[in-house]
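# Observations on chain architecture
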Amino acid sequence: MGVEIERKFLLASEAWRQLGTPVLLRQGYLTADPMRTVRVRIEGEQGVLTIKSKSEGASRGEWEYPIPLEDATELLDRLCERPLVEKYRRRIEHAGFIWEVDEFLGENAGLVVAEIELPAEDAVFDKPDWIGQEVTSDKRYYNSNLIRSPYSTWTDTE
């Protein structure tokens, strides 16, 4: 079993926009149950099926498999829950780690989140100056929850 240890942050400035190359991601969920998610994603010309277990802190089990682009397209178009999650992702190297900055589209337009995958929950890492508030434990920011409660529906008090 693979383990994903990931922390999420909001952005403190627009400086990240000058870094990395944006790639369009289109993804959907066959199931977005809090105990397990099954996600289909197209990134560029590659389809991927990902299964994730329930999060425990910043960690969770993760299994990822390439699938044919045609299959991924059909699953997204015919079987995945709506709305789909579409976003531009930039991968940005900083101090030995890769930050993934996701700029969401559609019903989640206006939301920008940065993630970093770590080798251990207690790993020490340097934050770029464009990284803001941590939201790792805020379930609203889980991509699987953005289909149930898109960013466009959030109120100022949330």
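All values reported here derive from a predicted model rather than from experimental measurement. (Residues numbered from 1 in each chain as written. Predicted model: local features only at pLDDT ≥ 70, side-chain atom pairs only at ≥ 80, totals over all residues. Heavy atoms only, no water.)

## Looking at the overall build of the protein chain
- On a plain count of helices and strands, the protein chain comes out with 1 helix and 9 strands.
- For the protein chain, the N- to C-terminal ordering of α and β elements is β-β-β-β-β-α-β-β-β-β.
- For 158 residues, the compact-globule estimate of 2.2 N^0.38 gives 15 Å, and the C-alpha radius of gyration of the protein chain, at 15 Å, lies within 12% of that figure.
- Considering the protein chain as a whole, with its 158 residues, one finds that 42% of them fall into the buried category.
- For the protein chain, contacts bridging at least 24 residues in sequence account for 59% of all contacts bridging at least 6. (Helix = DSSP H or I, 4+ residues; strand = E, 2+ residues; numbered from the N terminus. Rg over C-alpha atoms; globule rule 2.2 N^0.38 Å. Buried < 20%, exposed > 50% of the residue type's maximum accessible area, 1.4 Å probe, protein only. Contact = heavy atoms within 4.5 Å.)

## Some details on the pairing of strand β8 (residues 112–117)
- Extensive coverage of β8 is indicated by the burial of 5 of its 6 residues.
- Note: strand β1 (residues 2–11) against β8, 4 bridges, orientation antiparallel. Looking across to β8, one finds that F9 is bridged to A114.
- Here strand β7 (residues 97–104) pairs with β8 via 5 bridges, running antiparallel. (Pairing = 2+ DSSP bridges.)

## Thoughts on empty space enclosed by the protein
- Counting across every chain of the model gives 1 cavity of 30 Å³ or more.
- Approximately 90 Å³ is the volume found for the largest cavity.
- Elements with a contribution of two residues or more to the lining of the largest cavity: β1 and β5 (59–67).
- The leading source of residues in the lining of the largest cavity is β1, at 3 residues. (1 Å grid on protein atoms, 1.4 Å probe; cavity = no way out; pocket = protein on both sides within 12 Å on 5 of 7 lines; lining within 4 Å. Points joined across faces, edges and corners; volume = space filled by probe spheres on them.)

## Observations concerning the layout of surface pockets
- Here the largest pocket is characterised by a volume of approximately 340 Å³.
- Along the wall of the largest pocket there are 23 residues; nearest its centre are E4, R39, R41, K52 and E62.
- Among the elements of the structure, β1, β2 (23–33), β3 (36–43), β4 (46–53), β5, β6 (85–94) and β8 are those that each provide at least two residues to the lining of the largest pocket.
- Element by element, the count of residues in the lining of the largest pocket is highest for β3, at 4 residues.
- Here the residues of the lining of the largest pocket are counted per class, giving 3 nonpolar, 4 polar and 16 charged.
- Lining the second largest pocket are 16 residues; nearest its centre among them are P34, K54, S55, K139 and Y142.
- Partitioning the lining of the second largest pocket into residue classes produces 3 nonpolar, 6 polar and 7 charged. (Nonpolar A, V, L, I, M, F, W, Y, C, P; charged D, E, K, R; others polar.)

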